[in-house]
Amino acid sequence: MVGFTVNLYVMWYLGAPEFGKLAYSQNLVFITFAAASLGLEAIVVKRLVTHPEEANITLGTSLLLRFFGIMLIAFPIFTFCWMSDLIYDLNLFILISIGQIINLFGVVEYTFQAKLLGKHRAISGIVASTLANMLRVYFVMNDGTLYQLAFTYTFDLLIFFIVNILIYKKSVPNRGRW
């Protein structure tokens, strides 16, 4: 509910044209990255449950598959934005994409799901969402730019990643190398 209210505040602050650019860039990035990892989560979680001794290989392979899937799908969209002179949208696309690239390392979430530790993901999400919403309100109250507000979505994923990694290191004793 807080996130919804903060987004309404951001929408009111930016106005229709600027918020439309932000929403367009976000949706372009989210669709791209969702398509890149389509179906991978269920397969990886099942593999982690059935073969826990191969967790490092499974997580490393998942990370590589997500990376190459993203590059395969994001490159044509990046090229389209660049060739069609949508430089403003291209900059937003790149800024928001950085957060999604950071989110590649979210494969540690699969370990939480496989070990029925969903509360860790919830804790990460609450911490990241709270800090990002506070930053959004700060930028709106201090006349922040569209790029600063777009950065808050990348910041959200960065905090989510950091908290997830800290919890992963603490809760998974035999993590090995990917």
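Let me begin by describing the structure that accompanies this report. (Residues numbered from 1 in each chain as written. Predicted model: local features only at pLDDT ≥ 70, side-chain atom pairs only at ≥ 80, totals over all residues. Heavy atoms only, no water.)

Two quantities define a packed helix pair, namely the angle between the helix axes and the distance between the axes. Orientation of helix α6 (residues 118-141) relative to helix α7 (residues 146-171), taken along the N-to-C sense of each, is 155 degrees, at an axis distance of 8 Å. One way to sum up the angle between α6 and α7 is to call them roughly antiparallel. The hand of the α6/α7 crossing is right-handed. For the contact of α6 with α7, the residue count by class is 16 nonpolar, 8 polar and 3 charged. (Axes fitted to C-alpha atoms, helices over the stretch in contact; angles between N-to-C directions. Helix = DSSP H or I, 4+ residues; strand = E, 2+ residues; numbered from the N terminus. Parallel < 35°, antiparallel > 145°, perpendicular 65-115°, else oblique. Left-handed = near helix turned anticlockwise from the far one by under 90°. Nonpolar A, V, L, I, M, F, W, Y, C, P; charged D, E, K, R; others polar.)

What follows covers the packing of helix α1 (residues 2-36) against helix α3 (residues 55-83). Between α1 and α3, whose axes approach to 7 Å, the crossing angle comes to 150 degrees. With respect to each other, α1 and α3 are oriented roughly antiparallel. When you trace α1 past α3, the crossing you get is right-handed. Within the contact between the two elements, α1 uses Tyr24, Leu28, Thr32, Phe33, Ala35 and Ala36 and α3 uses Gly69, Ile70, Ile73, Ala74, Ile77, Phe80 and Cys81. The residue makeup of the contact of α1 with α3, split by class, is 11 nonpolar, 2 polar and no charged. (Contact = heavy atoms within 4.5 Å.)

Moving on: the pattern of salt bridges. Should the charged atoms of two oppositely charged side chains come close, the side chains can pair. All told, the structure shown has 2 salt bridges when counted by the stated rule. Two residues, Lys21 and Glu18, come together in a salt bridge whose shortest N-O distance is 3.7 Å. Of this pair, Lys21 and Glu18 are both found in helix α1, 3 residues apart, which corresponds to roughly one turn of the helix. Taking the relative accessible area as the measure of exposure, Lys21 reaches 30% and is therefore partly exposed. When its relative accessible area of 25% is taken as the criterion, Glu18 is described as partly exposed. For Glu54, the salt bridge goes to Arg47, with nearest N and O atoms at 2.4 Å. Assessed through its relative accessible area of 28%, Glu54 is described here as partly exposed. Of the residues examined, Arg47 reaches a relative accessible area of 34% and is grouped as partly exposed. (Salt bridge = Lys/Arg side-chain N within 4 Å of Asp/Glu carboxyl O. Buried < 20%, exposed > 50% of the residue type's maximum accessible area, 1.4 Å probe, protein only.)

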